[in-house]
Amino acid sequence: MRFSKYHALGNDYLVLDPADAHDAPSVEAIRLFCHRNFGLGSDGILYGPLVGEKGAFGLRIFNPDGSEAEKSGNGLRIFARYLFDSGKVGTDAFAVDTLGGRVECRVHEGGGMVTVEMGRVVFDAETIPVSGFEGEVVDRELELAGETLRFCAATIGNPHCVFPVDKATAAEVKRIGPVAEIHPAFPNRTNVQLLEVVDRRRIRIEIWERGAGYTLASGSSGSATGAVAKRLGLVDDDIAVEMPGGEIHLRIDDDFNVRMTGPVTRVG
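Bear in mind that the values here come from a model prediction, so they are computed numbers and not experimental data.

This part is about the overall build of the protein. From N to C terminus, the protein includes five helices and 18 strands. For the protein, whose C-alpha radius of gyration is 17 Å, the value lies close to the compact-globule estimate of 18 Å for 268 residues. Within the protein, contacts between residues separated by at least 24 positions form 60% of all contacts whose residues are at least 6 apart in sequence. Accessible surface, the protein as shown: approximately 11,100 Å² in total, 48% of it carbon and sulfur. Taking the 29 positively charged and 39 negatively charged side chains of the protein as two groups, their mean positions are separated by 3 Å.

Right, dumping it as structure tokens:
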């Protein structure tokens, strides 16, 4: 079986092309492939290109625990770079269909940077979904592990739970992330982020990724958290999102549509 490996700010994925891999891997195979000691090692698997609608490329995204993700910003940038490297696209914009909706991608000259129109961030409880809440889940209270925390929830095709903090640390997101991910308020589980606002043009985040655990970077987490920061009135339209693996840049319009730009590196 042939595969390619890329990383986006340290968040790495294996790309399995159906032309080489044929059927999508089983849950057991995904867990083995992604295992850092007994497999190839990866934060997830990108299975595509599949045939999308109206000429789009189809993509399935799998977490290392074998569950399927609706959308991944880093995964989409990596997939776009793979299509570029394999000669399937150039530097013109193209569409990719995911479980979380259609996005538009564009690979910049040379392939090192990719822009993805991530779609609109929504804060509505029913859409995300978040049980026990109504309307926008913005600056609400959540009972978590014996304490009450202020949080915001959002979806950009996949669910996110954002905790604004004075200082975002890996230790803290590793403490509350596993508990928040499986909290009863989130029937589909959730990605978890700590949001630290540096200034109106920069935020810093730490990430606990649903189905993957602590991760160095996440495009969808960065996009959703950036939109939360704007919804709270803490940042401007153009911002940098700093993560342990590096940073991405966002443009967020007044309807909370997010354009994300960030790097991709081919591993082999």
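So, on to helix 5 (residues 219-231). For helix 5, built from 13 residues, the straight-helix expectation of 18 Å at 1.5 Å per residue is met to within 8% by its first-to-last C-alpha distance of 18 Å. The buried fraction of helix 5 amounts to twelve of the 13 residues, a majority that puts the element mostly inside the structure. For helix 5, every residue scored as buried is listed here: Gly219, Ser220, Ser221, Gly222, Ser223, Ala224, Thr225, Gly226, Ala227, Val228, Ala229 and Lys230. The positive-phi residue at the C-terminal boundary of helix 5 is Gly233, with phi of around 80 degrees.

Where strand 11 (residues 159-164) meets strand 12 (residues 191-199), five bridges bridge the pair, whose relative direction is parallel. Each bridged residue has a counterpart across the sheet, and for Pro164 the counterpart in strand 12 is Leu195. Of the pairings in the sheet, the one linking strand 12 to strand 13 (residues 202-209) comprises seven bridges and is antiparallel in character. Bridged to Leu195 within strand 13 is Ile205. Between strand 12 and strand 13, which follow one another and run antiparallel, lie two residues.

Below, the discussion takes up the side chain of Ser220. For Ser220, the position within the fold is in helix 5. We classify Ser220 as buried; its relative accessible area is 3%. Side-chain polar atoms of Ser220 contact the side chain of Asn158, separated by 3.3 Å. Not counting chain neighbours up to four residues away, the residues in contact with Ser220 comprise Lys71, Ser72, Gly73, Met118, Ile156, Asn158 and His160.

This part is about unusual backbone geometry. The omega angle of the peptide bond from Gly48 to Pro49 is 10 degrees, so this bond is cis rather than trans. Secondary-structure assignment places Pro49 in strand 3 (residues 45-51). Following Ile128, the chain continues into Pro129 via a peptide bond in cis, with omega recorded as -10 degrees. Mapped onto the secondary structure, Pro129 falls in the loop between strand 8 (113-120) and strand 9 (140-144).

Criteria and cut-off values
- Residues numbered from 1 in each chain as written.
- Predicted model: local features only at pLDDT ≥ 70, side-chain atom pairs only at ≥ 80, totals over all residues.
- Heavy atoms only, no water.
- Helix = DSSP H or I, 4+ residues; strand = E, 2+ residues; numbered from the N terminus.
- Rg over C-alpha atoms; globule rule 2.2 N^0.38 Å.
- Contact = heavy atoms within 4.5 Å.
- Areas by Shrake-Rupley, 256 points an atom, 1.4 Å probe, with all protein chains shown as cover.
- Lys, Arg positive; Asp, Glu negative; His and termini not counted.
- Charge placed at Lys NZ, Arg CZ, Asp CG, Glu CD.
- Expected span 1.5 Å × (residues − 1).
- Buried < 20%, exposed > 50% of the residue type's maximum accessible area, 1.4 Å probe, protein only.
- Pairing = 2+ DSSP bridges.
- Polar contact = N/O pair within 3.5 Å; in protein donor to acceptor, adjacent residues only side chain to side chain.

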